[in-house]
Amino acid sequence: MNSKRVEQKALIGGIFVNFLMCCAGVLVYNATQIEALFVDAYFSAITLISGVFSLIVSKISARRSKKFPEGFFVLEPLYSLFQSLLTIVLLAVSLIKVSLKAYRYFVYGQGSLMNVEPVIPYEIVMVLLSLGLSYYYSRQNNKINHLSMMLFSEAKGTLVDGLMSLGIGIFAFILFFIKQSSPFGFLRYTGDFFITSLLIMLTIKMPFQVIKRAFNEICGGLLLDQDMQKWIENCLKKHLSEIVSIKSCLIYKIGMSFRIDVFIKGKAKLIDNEKLSRKKVLILKELSKKLEFVHLEFCLC
């Protein structure tokens, strides 16, 4: 199973789609000056840039050298961590901008009428591309048993982008039928504040989910995926139970790399090292069906 090839293929496809979204987003934002589109357009720009970096990280993370015999897999969760922090900063900047705009309107009566006509067809296209790309990332990650931290991060980021586009499109459609002279006419000047605030509240948890997983991997925390944990433990028990007792099993994941420390105690006075070595080969062979990069160690209690 070449998990890196699947990951890189997905990232290349994402870069192409995000390039189209970025160009369209910047053009529509410059034409309308709707601040809610700032989040939409520049989110696509950041996703495009981060996608290029993620592809570079994917290509070098599995390389090993004398100084780094375990590879550079830590770059994968590091990338996901910084991308999510950048997303949070972008959302915060956007909220501040629309808040200042609403403040100037309600306090000083200053503001400009929003042009929503170009927004509706644009957002329909953006929603289809964003949600489709998020599904594509998730599906490709599913093919490799959700091993890719970067595809998980990209899927969440693109999903946020798609939900932002969906919310902006719905709101623009509603604003299209609101007249300036109506009781809700103020929304034609401040509507982007309300929709941006609502969308940020609905999507802010997604980058924090990525940060939690990335931080766990960077700091050497134990594997969070309980299904993967059980599958690995069952594999170990199947091959080792006849010759040793498994006292505990610690599984660590950094990017696509797994380290498994198995604490064992012999059932006889002496452990047959040759038999244990053969069992290790069989275990690694079975684990390779789902995991491409595995380091397995036995520790005597």
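Now for a quick tour of the structure. Bear in mind the structure is a predicted one, so any value in this text is a computation, not a measurement.

### Details of the nonpolar core
In this structure, Ile232, Leu236, Ile260 and Val262 are the most contacted members of the largest nonpolar core, which totals 44 residues. At seven residues, helix α1 (residues 3-32) tops the list of elements feeding residues into this core. Not counting chain neighbours up to four residues away, the residues in contact with Ile232 comprise Ile251, Phe258, Ile260, Leu287 and Leu291. Counting 19 residues, the second-largest nonpolar core is a separate cluster that includes Leu90, Val116, Ile168 and Phe171.

### Here we look at a nonpolar patch on the surface
Together, Leu166, Ile170, Phe173, Ile174, Phe176 and Phe177 line one region of the surface with nonpolar side chains, adding up to about 600 Å² of accessible area. If you trace the backbone, Phe176 turns up in the loop between α5 (149-175) and α6 (187-203).

### Considerations on the packing of aromatic side chains
Taken as a whole and judged by the stated rule, the model has eleven aromatic pairs. Geometrically, the ring pair formed by Phe68 and Phe72 is tilted, given 4.8 Å between the ring centres and 40 degrees between the ring planes. With a relative accessible area of 26%, Phe72 lands in the partly exposed category. The ring of Phe152 has Arg213 lying over it, and the distance from NZ or CZ to the ring centre is 4.0 Å.

### Regarding the pairing of strand β1 (residues 244-254)
Pairing of β1 with strand β2 (residues 257-266), which is carried by ten bridges, proceeds in the antiparallel orientation. Bridge pairing in β2 places Cys249 opposite Val262. With antiparallel pairing between neighbouring strands as the criterion, β1 and β2 make up a hairpin whose turn holds two residues, including Gly255 at a positive phi of roughly 65 degrees.

### Remarks on the environment of Tyr136
Positionally, Tyr136 belongs in helix α4 (residues 119-143). Exposure remark for Tyr136: the relative accessible area of 27% places this residue in the partly exposed category. For Tyr136, the contacting residues outside a window of four places in its chain are Lys9 and Ala10.

Each value, and the rule that gives it
Residues numbered from 1 in each chain as written. Predicted model: local features only at pLDDT ≥ 70, side-chain atom pairs only at ≥ 80, totals over all residues. Heavy atoms only, no water. Core = buried A, V, L, I, M, F, W, Y, C linked by side-chain atoms within 4.5 Å. Buried < 20%, exposed > 50% of the residue type's maximum accessible area, 1.4 Å probe, protein only. Helix = DSSP H or I, 4+ residues; strand = E, 2+ residues; numbered from the N terminus. Contact = heavy atoms within 4.5 Å. Patch = residues over 30% accessible without salt bridge, like charges linked within 9 Å, V, L, I, M, F, W, Y side chains within 5 Å. Areas by Shrake-Rupley, 256 points an atom, 1.4 Å probe, with all protein chains shown as cover. Salt bridge = Lys/Arg side-chain N within 4 Å of Asp/Glu carboxyl O. Phe/Tyr/Trp six-rings, centres within 6.5 Å; stacked < 30°, edge-to-face > 60°. Lys NZ or Arg CZ within 6 Å of the ring centre and 35° of its normal. Pairing = 2+ DSSP bridges.

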